[in-house]
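The lines below spell out each chain.
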Amino acid sequence: MAQQHIHANTTPLVKQFEALRKEVSDLKVQKRIHRAAGREIKKEMLSNIQDARETIRIRRGKQAKLDIKPGTMRRSIKVWLIDNQHSTYWVGPRVGRRAPKDADAWFANIVEGDDQFIKGNNRNKGVFFKSISEAAPKAYKLMKKKYDFQIRKVARKKNK
């Protein structure tokens, strides 16, 4: 008895898979999804940061005098794209020339590592690590949900 091969035209299915791959690999879609995940972590950071009780005054010899107002660290928390060619976002305190004067958290690493020489306890010690650890599973779940939605959306459109 001779073997028979069943041949199916898979070209439309392959085109649908290609459209799905293109949609999910679209940089604009990825950026939108990753920014949303970053906002989830930002929200957690903002809820964990406790503002200073008073303005912190820094005086060091002849250097410029600095006054750090309460809420500066909270205002410095941002979600930003680190490379326009990719969809990678960072979340955390902004410092330097890109941060507004009232939101420049140049001191964030001092607070995070508890390297300060200020009397009293540091209520924000480890706040960034803690926030990322707590929010990462939520952010990942949100990303997965948004990618699933995007795939289903394209599949419905291509199915018509």
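Before reading on, note that the structure itself is shown above.
All values derive from a computational prediction rather than experimental measurement. (Residues numbered from 1 in each chain as written. Predicted model: local features only at pLDDT ≥ 70, side-chain atom pairs only at ≥ 80, totals over all residues. Heavy atoms only, no water.)

*Asks:* Explain the overall build of the chain to me, please; I cannot follow it from the model alone.
*Replies:* Along the chain, the regular secondary structure elements total 5 helices and 4 strands. Helices (α) and strands (β) of the chain occur, in sequence order from the N terminus, as α-α-β-β-α-β-β-α-α. When each of the 160 residues of the chain is scored for burial, the buried share is 28%. Nonlocal contacts in the chain, meaning residues at least 24 apart in sequence, comprise 58% of its contacts between residues at least 6 apart. In the structure as shown, the chain presents an accessible area of about 12300 Å², 54% of it carried by carbon and sulfur atoms. (Helix = DSSP H or I, 4+ residues; strand = E, 2+ residues; numbered from the N terminus. Buried < 20%, exposed > 50% of the residue type's maximum accessible area, 1.4 Å probe, protein only. Contact = heavy atoms within 4.5 Å. Areas by Shrake-Rupley, 256 points an atom, 1.4 Å probe, with all protein chains shown as cover.)

*Asks:* Just to check I follow, could you spell out helix 2 (residues 27-48) for this structure?
*Replies:* Structurally, the α-helix is built with 3.6 residues per turn, so residues lying three or four positions apart point the same way. With 22 residues, helix 2 extends 31 Å from end C-alpha to end C-alpha; this agrees with the ideal 32 Å at 1.5 Å per step. When we look at burial in helix 2, the residues that qualify are V29, Q30, K31, I33, H34, A36, A37, G38, I41, E44, M45 and N48. (Expected span 1.5 Å × (residues − 1).)

*Asks:* Would you mind going over the nonpolar core with me for this structure?
*Replies:* Where a protein is soluble and globular, its nonpolar side chains tend to be buried together. I49, M73, F107 and F128 are the most contacted members of the largest nonpolar core, which totals 15 residues. Only helix 2, helix 4 (108-113) and helix 5 (127-159) provide two or more residues apiece to this core. With 4 residues, the single largest contributor to this core is helix 5. Setting aside its immediate chain neighbours within four residues, I49 contacts M73, R74, I77, N124, V127 and F128. (Core = buried A, V, L, I, M, F, W, Y, C linked by side-chain atoms within 4.5 Å.)

*Asks:* What is the right way to read a positive patch on the surface from this model?
*Replies:* On the surface, R32, R35, R39, K145, K146, R152, K153, R156 and K157 cluster together into a patch of positive charge. Looking at which element gives the most residues to the positive patch, the answer is helix 5, with 6 residues. Its place among the elements puts R156 in helix 5. By relative accessible area, which is 47% here, R156 ends up partly exposed. (Patch = residues over 30% accessible without salt bridge, like charges linked within 9 Å, V, L, I, M, F, W, Y side chains within 5 Å. Salt bridge = Lys/Arg side-chain N within 4 Å of Asp/Glu carboxyl O. Lys, Arg positive; Asp, Glu negative; His and termini not counted. Charge placed at Lys NZ, Arg CZ, Asp CG, Glu CD.)

*Asks:* Help me understand the environment of N84, please; the structure alone is not making it clear to me.
*Replies:* Among the secondary structure elements, N84 is positioned in the loop between strand 3 (77-81) and strand 4 (89-93). Put simply, N84 and L27 are 57 residues apart on the chain and 9.4 Å apart in space, counted from C-alpha to C-alpha. Here N84 is in contact with L27 and K31, once residues within four sequence places are set aside.

*Asks:* Just checking my understanding: could you explain the environment of H86 for this structure?
*Replies:* Note on placement: H86 falls in the loop between strand 3 and strand 4. For H86, a relative accessible area of 46% puts it in the partly exposed group. Distance in space between the C-alpha atoms of H86 and Q30 is 8.7 Å, their sequence separation being 56 residues. The residues touching H86, leaving out its near neighbours within four places in the chain, are L27, K31 and L81. Within the structure, H86 has its side chain in polar contact with the side chain of D83 (distance 2.9 Å). (Polar contact = N/O pair within 3.5 Å; in protein donor to acceptor, adjacent residues only side chain to side chain.)

*Asks:* Got a minute to help me understand the packing of aromatic side chains in this structure?
*Replies:* Two aromatic rings are characterised by how far apart their centres lie and by the angle between their planes. Summed over the entire model, instances satisfying the criterion amount to 1 aromatic pair. If you follow R94 out to its NZ or CZ, it ends over the ring of W80, 4.2 Å from the centre. (Phe/Tyr/Trp six-rings, centres within 6.5 Å; stacked < 30°, edge-to-face > 60°. Lys NZ or Arg CZ within 6 Å of the ring centre and 35° of its normal.)

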